[in-house]
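Listed below, chain by chain, are the residues.
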Amino acid sequence: MSAVVNTMPQGKISIGKHLGTIVTYILLVLVSLIILFPLLFAFSIALQGQTLTPQLLPDLAQLDWGVFVRVLAQQPDLPRWILNSFVVSFLVTVGILVTSSLAAYAFAFLNFWGKPIFFAIVMGTMMIPFEATLVPNFLLILHLNWTDSYQGLVLPFLAGGFGIFLLRQYFMTIPPELQEAAKLDGCGHFRFLWSFLLPLARPALATLGLYTFITTWNQFYWPLLVTNESTWRTTQIGIAIFHSSEVNFLNTQMAATLIVVIPTLLPLIFGHRQLVRGLTAGIIK
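Residues numbered from 1 in each chain as written. Predicted model: local features only at pLDDT ≥ 70, side-chain atom pairs only at ≥ 80, totals over all residues. Heavy atoms only, no water.

Observations regarding helix α4 (residues 115–125)
And step 1. Among all positions in α4, only Lys115, Phe119, Val122 and Met123 are buried. Here the buried residues of α4 occupy an arc of 95° about the axis, which is enough to place them on one side. In this structure, α4 carries Ile117 and Ile121 as exposed residues pointing more than 90 degrees from its buried face.
And step 2. On the buried face of α4, the contacting elements are α3 (78–109) and α7 (161–171). (Buried < 20%, exposed > 50% of the residue type's maximum accessible area, 1.4 Å probe, protein only. Helix = DSSP H or I, 4+ residues; strand = E, 2+ residues; numbered from the N terminus. Arc of directions from axis to C-beta. Contact = heavy atoms within 4.5 Å.)

Right under this line is the structure:
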């Protein structure tokens, strides 16, 4: 009798726990569908054929999968635009990671004259809007004759205050005893940064890298300003021109948009764990 009395509350607790888990997953699925609805609706429109009044769901018996091939046939420069955006985003991401790591190390572990002043200047650059530096940067690129080139698209974005601040704050959480032990073993500054700090800062580096890559991929005004030839345009400029020339066909517009969006989803899909770790780093001590 006592055994029955002791097991019944445990059974009720177990059922309640499983029921709570099921409800949680149902809510997560519903929220995911709400978040993904614009993407799913764009995919639905792309497969409905040439129509001016798209439906919420396409006719499964008449899916137009050839629309993606027609988009590439109508705009043969689209693969080149994607390549340009990828190259520019990759180079800017690498540049930001390198310059931010070096500067953050200096502000976190080195002692030099005017360190607080220089750090305040770096933080002050985050308050300057990009539009305020647009004309000086354009005049510099124009003077260097770097229009319609990768270096013109990349150069103004190889350093930034946000990356320096993010990595510096992460480096400050590293115990100073680790640097002292590395010095006793004959480890220099670059060796300590490469062998110790960067492996420990992988979540922060992944967060900064993903943020920089997506931000650079979505740039519009700067590529529009420094590119004149179609072969040097990036995806955002090219897709805007494509949409203006294909106003009457929503399916081709959505298909072209999906082709451009997919490369930005891949880094998020494969790097979401590092991104979450980087965003939550430091909340638990």
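Moving on from the coordinates now.
Observations regarding the packing of α3 against helix α10 (residues 202–217)
And step 1. Running from N to C, α3 and α10 cross one another at 140°; their axes reach a closest spacing of 8 Å. Crossing hand, α3 versus α10: right-handed. Contacts between α3 and α10 involve Ile82, Ser85, Phe86, Val88, Ser89, Phe90, Val92, Thr93, Ile96, Leu97, Ser100 and Ser101 on the former and, on the latter, Leu205, Leu208, Gly209, Thr212, Phe213, Thr216 and Trp217.
And step 2. Broken down by class, the residue content of the contact of α3 with α10 amounts to 11 nonpolar, eight polar and no charged. (Axes fitted to C-alpha atoms, helices over the stretch in contact; angles between N-to-C directions. Left-handed = near helix turned anticlockwise from the far one by under 90°. Nonpolar A, V, L, I, M, F, W, Y, C, P; charged D, E, K, R; others polar.)

Description of the layout of surface pockets
Any empty space left between atoms is shown by rolling a water-sized probe over those atoms.
And step 1. The computed volume of the largest pocket comes to approximately 850 Å³.
And step 2. What lines the largest pocket is a set of 28 residues, among which Phe130, Phe157, Ala159, Gly160 and Gly161 lie closest to the centre.
And step 3. Sorting the residues of the lining of the largest pocket by element identifies α3, α4, α7, α10 and α11 (221–226) as the ones contributing at least two each.
And step 4. Here the lining of the largest pocket takes five residues from α10, the largest share from any one element.
And step 5. Split by residue class, the lining of the largest pocket holds 18 nonpolar, 10 polar and no charged. (1 Å grid on protein atoms, 1.4 Å probe; cavity = no way out; pocket = protein on both sides within 12 Å on 5 of 7 lines; lining within 4 Å. Points joined across faces, edges and corners; volume = space filled by probe spheres on them.)

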